[in-house]
Amino acid sequence: AQKVTQAQTEISVVEKEDVTLDCVYETRDTTYYLFWYKQPPSGELVFLIRRNSFDEQNEISGRYSWNFQKSTSSFNFTITASQVVDSAVYFCALSDRGSTLGRLYFGRGTQLTVWP
Amino acid sequence: NAGVTQTPKFQVLKTGQSMTLQCAQDMNHEYMSWYRQDPGMGLRLIHYSVGAGITDQGEVPNGYNVSRSTTEDFPLRLLSAAPSQTSVYFCASTLTQGAHGTDTQYFGPGTRLTVL
C-alpha cells in the first residue's frame, strides 16, 4: 500500500532561520516519483519538485533543498534562511507504478509559519 | 496557454441541490483528476480519467459523478449535495509517461464549496 506521512503538522520559525520539513513514504514499488507542493494562503497548489526513485542525488534550488534517502524512505525539504513569503502549507506526495497511473498520494501537509 | 482552469471559485449550495464544477485544460494532457481537500486530511482522489471516454473511481467517489467527452474538459457533478461535501475541490492534469511513471501534475486554482 502507498502512504505518505508528514509527522509535523505545524512549524513556526523566525525569519532567517533554516527549517526542514519531513516526509516519509511507503511503497512496494521500485519505481516511483516523489513530489513537493506548496499551498500559500491564496490556496493554489504550486509544484516545487519531482524526483524519481532512481535518482538519489540531493537537489538545491536557491534557498530550497531536498534530501532523498531511499534507505530511510524519506524525502525531506529544507528551506534555508526562511522568509515570511515561505509561510504556506507544504505537501509531500507519492506516485508509483503499482497505483493507478497518475494518481498522487498526499501527506496531510505541514503548515509552516515564518514570523518576521 | 491557460493551464488548468476551474469554475466557479466559490459556491454555496443548500442540501439536496445539484451542481457541476467545471475543469478545463489546454495542454492536451491525457490524465485528469479531481481531488478534495479537507482540513488535516491532505488531498484525496475522487475520480480520474486516463483519456476521453474513460473514467474511474478514486478513493472517495461517493456522491460524485464525472464524464470525459473531450480531452480538454473534465466536469465533476454533485447530484444531491450534502454538508459532508463541503470542501475545496482541485482539478489536476498531467501528461502521463507510461511505463516510466507519472509526469508532474498541474493543479487548477480550486473551487471552495460550502453546503448548508
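Just so it is clear, the structure is predicted and the values come from calculations on it, not from any experiment.

Caption draft 1: Spotlight on the overall build of chain A. Along its length, chain A carries zero helices and twelve strands. Walking chain A from its N terminus toward its C terminus, one meets helices and strands in the order β-β-β-β-β-β-β-β-β-β-β-β. Over its C-alpha atoms chain A spans a radius of gyration of 14 Å, differing by no more than 12% from the 13 Å that the globule rule assigns to 116 residues. On the principal axes, the C-alpha backbone points of chain A span a range of 45 × 25 × 20 Å.

Caption draft 2: Representation of the layout of surface pockets in the model. Looking at the largest pocket, its volume works out to about 690 Å³. Lining of the largest pocket is provided by 33 residues; of these, A:Q39, A:G43, A:V89, B:Q37 and B:R112 occupy positions nearest its centre. Contributions of two or more residues to the lining of the largest pocket are made by β10 (88-96) and β12 (110-115) of chain A together with β4 (31-38), β9 (87-94) and β11 (111-115) of chain B. Here the second largest pocket is characterised by a volume of approximately 290 Å³. Around the second largest pocket, the lining is made up of 16 residues, and of these A:F106, B:M41, B:L43, B:R44 and B:E59 lie nearest the centre. Elements represented by at least two residues in the lining of the second largest pocket include exactly β1 (3-5) and β11 (105-106) of chain A together with β5 (42-51) of chain B. Residue classes in the lining of the second largest pocket are distributed as seven nonpolar, four polar and five charged.

Caption draft 3: How the structure looks around the sheet that holds strand β8 (residues 76-78) of chain B. Residue and element names in this part refer to chain B. Pairing in this open sheet of four strands is antiparallel, and the strands run β1-β3-β8-β7 from one edge to the other. The strands lining the two open edges of the sheet, one partner per strand, are β1 (4-7) and β7 (64-66). The mean angle between the axes of side-by-side strands here comes to 20°, regardless of whether they run parallel or antiparallel. Relative to β8, strand β3 (residues 19-25) runs antiparallel, the two sharing three bridges. Considered in β8, the bridge of T20 is made with R77.

Rules behind the numbers
- Residues numbered from 1 in each chain as written.
- Chains lettered and ligands numbered in written order.
- Predicted model: local features only at pLDDT ≥ 70, side-chain atom pairs only at ≥ 80, totals over all residues.
- Heavy atoms only, no water.
- Helix = DSSP H or I, 4+ residues; strand = E, 2+ residues; numbered from the N terminus.
- Rg over C-alpha atoms; globule rule 2.2 N^0.38 Å.
- 1 Å grid on protein atoms, 1.4 Å probe; cavity = no way out; pocket = protein on both sides within 12 Å on 5 of 7 lines; lining within 4 Å.
- Points joined across faces, edges and corners; volume = space filled by probe spheres on them.
- Nonpolar A, V, L, I, M, F, W, Y, C, P; charged D, E, K, R; others polar.
- Pairing = 2+ DSSP bridges.
- Axes fitted to C-alpha atoms, helices over the stretch in contact; angles between N-to-C directions.

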